[in-house]
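Chain by chain, the residues run as shown.
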Amino acid sequence: MILIADRIAMDTDGTRAWLALLHGNLQDDGPILTTMAGATDLSGTIRLKD
């Protein structure tokens with residue numbers, strides 16, 4: 001495996017700042033991502049659902 005990329009669309013009343021904080025927490029503390037971080041490149045995006 002050479003890359004893990006995530007794309008999250010949230011249907012929420014949260015602000016963009018809250019979404020950025022959530023995404024950072026998922027990348028830093030998510031059990032799958034933290035396990036794989038040493039072995040592969042990680043990238044991702046989060047956005048408000050249209």
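Here, the structure is the one placed above.
These lines cover the structure that appears in this document, whether it is placed above or below. (Residues numbered from 1 in each chain as written. Predicted model: local features only at pLDDT ≥ 70, side-chain atom pairs only at ≥ 80, totals over all residues. Heavy atoms only, no water.)

Further remarks concern the overall build of the protein. Tallying secondary structure elements over the protein gives 2 helices and 2 strands in all. Listing each helix as α and each strand as β along the protein from the N terminus yields β-α-α-β. Its C-alpha atoms give the protein principal-axis dimensions of about 35 × 20 × 15 Å. Averaged over its 4 positive side-chain charges, the protein has a centre that lies 10 Å from the centre of its 7 negative ones. (Helix = DSSP H or I, 4+ residues; strand = E, 2+ residues; numbered from the N terminus. Lys, Arg positive; Asp, Glu negative; His and termini not counted. Charge placed at Lys NZ, Arg CZ, Asp CG, Glu CD.)

Bringing the environment of G44 into the picture now. When you line up the elements, G44 lands in strand β2 (residues 41-48). Along the backbone, G44 and G30 are 14 residues apart, and their C-alpha atoms lie at a distance of 13 Å. Once residues within four sequence positions are removed from consideration, G44 is found in contact with D6, H23 and Q27. (Contact = heavy atoms within 4.5 Å.)

Another point: the side chain of H23. With respect to the helices and strands, H23 occurs in helix α1 (residues 16-29). Leaving out residues up to four positions away in the same chain, H23 has contacts with D6, I8, G44, T45 and I46.

Moving on, we come to the side chain of T40. For T40, the location among the structural elements is in the loop between α2 (31-36) and β2. We classify T40 as buried; its relative accessible area is 8%. At a separation of 2.8 Å, a polar atom in the side chain of T40 contacts the main-chain carbonyl oxygen of I2. The contacts of T40, once residues within four sequence positions are left out, are M1, I2, L3 and I4. (Buried < 20%, exposed > 50% of the residue type's maximum accessible area, 1.4 Å probe, protein only. Polar contact = N/O pair within 3.5 Å; in protein donor to acceptor, adjacent residues only side chain to side chain.)

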